[in-house]
Amino acid sequence: MNKQDDHHHGVDPNSPEVRTEALEDLLVEKGLIDRGRVDALIERFEHDLGPMIGARLVAKSWLEPQFRKSLLENADRALEEENIKGAEIEHVEVKANEPGVHNVVVCTLCSCYPWALLGLPPSWYKSPEYRSRVVREPRKVLQEMGLSLDAETEIRVWDSSSETRFLVLPERPEGTEQLGLEELAQLVTRDSMIGVAKAKVS
Ligand code: FE
């Protein structure tokens, strides 16, 4: 398949999104499933299960400098070594936040997203408003989403495509020196790996 056409997966009748929606409609119509339960399941995958793969990678990189280095230098190899496989992560790049630099991810053309690391993309990620505005006025959009960055912090916006998906490596919150991998992973939200929030001690 042509790579450029492939990017516009929203209109491809063979795309997983279109096929899944058609299947859901059919099952609801036949009375086999209840749409509310599907929504609840998707919600759980979106918020809890999906992003935990990415969250554990982030936590591990906070604990192991060597892993962090390999994740930033060659995420594909690092994921292969972690035996992480799945949809939409053929080529991933990881961008680390650091003092003075904040990264945020968008797909300006559609909704490319590292599913196997983060689960399903949130609806706002797919909205035309986020996709157009975060490029033009990232500081303002982040502020509206609850993340205020000072004027000295450089914001780098990464535009995903079918060739490259991005994951933000948030900074490790202060006061977490005693925490282990699973506890640290709990602090890493989906939004912090898209770059619209920080990882923080709740
Ligand atoms: Fe896309």
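Residues numbered from 1 in each chain as written. Predicted model: local features only at pLDDT ≥ 70, side-chain atom pairs only at ≥ 80, totals over all residues. Heavy atoms only, no water.

Q: Sorry if this is basic, but what is going on with the coordination of the iron ion here?
A: Ideal values for angles at a metal depend on the geometry: 109.5 degrees with four tetrahedral donors, 90 or 180 degrees with six octahedral donors. Protein coordination of the iron ion is provided by Cys107 (SG), Cys110 (SG), Cys112 (N) and Cys112 (SG), with donor distances spanning 2.2 to 2.7 Å. When the donors of the iron ion are listed by position in the chain, the intervening gaps give C-x2-C-x1-C. You'll find Cys110 and Cys112 in the same group, each marked buried. (Donors = N, O, S within 2.8 Å, 3.2 Å for Na, K, Ca; no water. Buried < 20%, exposed > 50% of the residue type's maximum accessible area, 1.4 Å probe, protein only.)

Q: Explain the nonpolar core here, please?
A: Soluble globular proteins tend to bury their nonpolar side chains together. If you look at the biggest cluster of nonpolar residues, it comprises 46 residues, and the most contacted ones within it are Leu117 and Tyr130. The element best represented in this core is helix 3 (residues 35-63), accounting for six residues. Apart from the residues within four sequence positions on either side, Leu117 is in contact with Gly50, Pro51, Ile53, Gly54, Leu57, Leu79, Ile84, Ile89, Val92 and Leu167. (Core = buried A, V, L, I, M, F, W, Y, C linked by side-chain atoms within 4.5 Å. Helix = DSSP H or I, 4+ residues; strand = E, 2+ residues; numbered from the N terminus. Contact = heavy atoms within 4.5 Å.)

Q: Is there a simple way to explain the side chain of Ser70 in this structure?
A: By the element assignment, Ser70 lies in helix 4 (residues 65-73). Overall, the relative accessible area of 18% leaves Ser70 in the buried class. Not counting the four nearest positions on each side in its chain, Ser70 is found in contact with Ala75 and Ala78.

Q: Before we go on, may I ask you to explain helix 2 (residues 16-29) in this structure?
A: An α-helical turn contains 3.6 residues, so any two residues separated by three or four positions project in the same direction. Between the first and last C-alpha of helix 2 there are 20 Å, a value that for 14 residues agrees with the 20 Å anticipated at 1.5 Å per step. Positive backbone phi, at 75 degrees, marks Gly31, one or two positions downstream of helix 2. (Expected span 1.5 Å × (residues − 1).)

Q: I'm lost on the packing of aromatic side chains in this one. Help?
A: Each aromatic ring pair is summarised here by two numbers: the centre-to-centre distance and the angle between the ring planes. Summed over all chains, the structure comprises five aromatic pairs. For the ring pair Trp124 and Tyr130, a centre distance of 5.0 Å and an interplane angle of 75 degrees mean the geometry is edge-to-face. Residue Tyr130 is classed as buried on the basis of its relative accessible area of 5%. Plain terms: the ring middles of Tyr125 and Tyr130 are 6.0 Å apart, the flat faces sit at 35 degrees to each other, and that makes the pair tilted. Taken as a pair, Tyr125 and Tyr130 share a single burial class, namely buried. (Phe/Tyr/Trp six-rings, centres within 6.5 Å; stacked < 30°, edge-to-face > 60°.)

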